[in-house]
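# Chains, contacts and geometry: an overview
Given next are the chains, with one letter for each unit.
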Amino acid sequence: MAFTFQINRDVKFNHNEGLLEKSEKNRPEIFKTKVVPKRIVELVKDEKKLNGWGVKEADLSPVDLSSFGMRRDDSLILDFGEHCVGRFSVNISSVGSPMDAPLYIRVRFGEIPAELAGDSASYEGWLSKSWIQEEYIHLDELPAKLSLPRRYSFRYVELKVLDTSPKWQAVFEKPEVIKETSADYKNLKEISLEEELKKIYDVSVKTLAECMQDVFEDGPKRDRRLWIGDLRLQALANYVTFDNAELVKRCLYLFAAMNTTEGKIPANVFVKPSCLPDDTFLFDYSLFFISVLYDYEMAHEDMKFLKELFPVAKAQMDFSLSMVDEEGRLVCREEYPVFIDWSNEFNKDTAGQGVMIYVLKQFIALSKIMGEKTDVYETVLEKMVSYAKKILFSPERGMFLSGEEQECNIASQVWMVLAQVMNEEENRAIMTRAVKELFPVKGIATPYMYHHVTEALFEAGLKEEGIRLLKLYWGEMLRLGADTFWEAFEPENPNYSPYGNPIVSSYCHAWSCTPVYLIHKYLL
Ligand code: RAM
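Presented here is a report on the structure given in the accompanying data block. (Residues numbered from 1 in each chain as written. Predicted model: local features only at pLDDT ≥ 70, side-chain atom pairs only at ≥ 80, totals over all residues. Heavy atoms only, no water.)

### Quick look at the overall build of the chain
- Across its full length, the chain carries 14 helices and 14 strands.
- Here the C-alpha atoms of the chain give a radius of gyration of 25 Å, agreeing with the 24 Å that 2.2 N^0.38 yields for 524 residues.
- Across its three principal directions, the C-alpha atoms of the chain cover 85 × 50 × 45 Å.
- Here the chain holds 524 residues, and the buried ones make up 60% of them.
- When contacts within the chain are restricted to residue pairs at least 6 apart in sequence, long-range pairs at least 24 apart make up 77% of them.
- Accessible surface, the chain as shown: approximately 21,800 Å² in total, 49% of it carbon and sulfur.
- Averaging the positions of the 63 positive and the 82 negative side-chain charges in the chain gives two centres separated by 3 Å. (Helix = DSSP H or I, 4+ residues; strand = E, 2+ residues; numbered from the N terminus. Rg over C-alpha atoms; globule rule 2.2 N^0.38 Å. Buried < 20%, exposed > 50% of the residue type's maximum accessible area, 1.4 Å probe, protein only. Contact = heavy atoms within 4.5 Å. Areas by Shrake-Rupley, 256 points an atom, 1.4 Å probe, with all protein chains shown as cover. Lys, Arg positive; Asp, Glu negative; His and termini not counted. Charge placed at Lys NZ, Arg CZ, Asp CG, Glu CD.)

Structure (structure tokens):
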């Protein structure tokens, strides 16, 4: 795991009130629906499920709750039958003698069973433990309706009585969640597909919907925030499903309003309690602002919007050009890393060059729509492509190499293919080699990178390989029990968590929602 915190307190940000107002005008409607638990379950060890935990139906059912008094250390797990993002409430009363002590309970929320099997006290990971969805609550008076103010992301809710008194028991009734999403299911069209792909399709739609909130969040459990790398993929998946154009606009306005005075777009922004950019910068994420704008234009031609945001896109591109040397080589800086994937175990120079070429082409296309001159950009593009072809491509290996060690990794092939540096036939040959020599992919835990690998296979015309990877990667998450697709999954090491403990991992994560986009683009 190599994603590290950045602290860049000296960076000066713009705060364009006009653009922020526009982002506000595009704030989405939040649709709310009530869901009640479908059953009560118990945790069971199950090696076939993620982290070795599954559930089985308990003898008690939700309708029996009103006659079930709970005393010290009693607990139960409510199963809502689907992944939910929303607000939880439950009515609690006491039975027996008068309530001679407060009720003390613990409420835990889990997207997967394993989260409830863990003990939060043992968590020592580098990510804040404040993300653990667990509350300790005192109630002095019963009956009461407990309505938790936070929004949670879960399928399972564990209610545990830490103490009552020997004289009375607590009774829980009418547990419910009011689910929240800005995805309008009315816009979703039915499609027909063979069974396994349809299941993958449906779960990726659900993943997307759960992440569509007031902004496109990366994960409704964590980080509950607008990250541009996730946004780019969500927007693509959104156009072929819910098609909430305003939500994409809102997110683009937010980034555009809060770039740095040098023109750099931050990797993520906060919107609560007020709009604030994060002082984290990833080279490729910044560039993807242009990509999201380009994709938006392709999906919803909107000249007025493009005119508003083009100067911000141009500032980002002009800043990025300063990182390209005379030969056409992208020279990245340590304080502005290329992300590509969480892993830092491989060299990212060539992949970074591929991303820059990919985005530069989109920027030139946008400039042409704007009627702007493009010669400066075309010159750099030519140089970058020629550097890639002459220096980075190895005719002997039939693939691209990266860094001083001349490393041949999957990310380089993928981004050079996505950037269409070579022609169709060459791309096909490159990905065919990659499949032969670099598959099965190892050491990659993000669906984000797996998305790009799969897309590169389709782009190179290797349809069967693309389908195989879709089924292998996203299909395997389903086999391990996924209701929504995860933030991290390393097929060769399924129980891997980037944080050393599943309780802070996100099991509904935007950057894994892309099968729906890939299926629409390449298979329907
Ligand atoms: C993590 C999140 C987010 C991603 C960044 C780079 O914090 O998973 O989705 O975009 O990494």
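### Focus: the layout of surface pockets
- Taken as a whole, the largest pocket encloses approximately 710 Å³ of empty space.
- Around the largest pocket, the lining comprises 33 residues; the ones closest to its centre are Cys332, Val338, Asn347, Lys348 and Asp349.
- Of all the secondary structure elements, the ones that give two or more residues to the lining of the largest pocket are α8 (349-370) and α9 (375-392).
- Take the lining of the largest pocket: its biggest share by element is four residues, from α8.
- A class-by-class count of the residues in the lining of the largest pocket yields 16 nonpolar, ten polar and seven charged. (1 Å grid on protein atoms, 1.4 Å probe; cavity = no way out; pocket = protein on both sides within 12 Å on 5 of 7 lines; lining within 4 Å. Points joined across faces, edges and corners; volume = space filled by probe spheres on them. Nonpolar A, V, L, I, M, F, W, Y, C, P; charged D, E, K, R; others polar.)

### Remarks on the pairing of strand β2 (residues 39-45)
- In terms of strand pairing, β2 meets strand β4 (residues 75-96) through three bridges, oriented antiparallel. In the strand pairing of β4, Ile40 is matched with Leu78. (Pairing = 2+ DSSP bridges.)

### Some remarks on the pattern of salt bridges
- Applying the stated rule across the entire model yields 36 salt bridges.
- Taken together, the shared-partner salt bridges connect Glu194, Glu196, Lys471, Glu476 and Arg479 into one network. (Salt bridge = Lys/Arg side-chain N within 4 Å of Asp/Glu carboxyl O.)

### Some remarks on the site of the ligand
- Around the ligand there are eleven residues in total, and Asp223, Asp230, Tyr285, Glu487 and His509 lie nearest to it.
- Residue Asp218 places a side-chain N or O atom 3.2 Å away from an oxygen atom belonging to the ligand.
- A distance of 2.8 Å separates an oxygen atom of the ligand from a polar side-chain atom of His509.
- Out of a free accessible area of 290 Å², the ligand has 97% covered by protein chains.
- The residue makeup of the shell around the ligand, split by class, is six nonpolar, one polar and four charged. (Near = heavy atom within 4 Å. Polar contact = N/O pair within 3.5 Å; in protein donor to acceptor, adjacent residues only side chain to side chain.)

Note that every value here comes from positions in space, so none of it alone points to a role or purpose.
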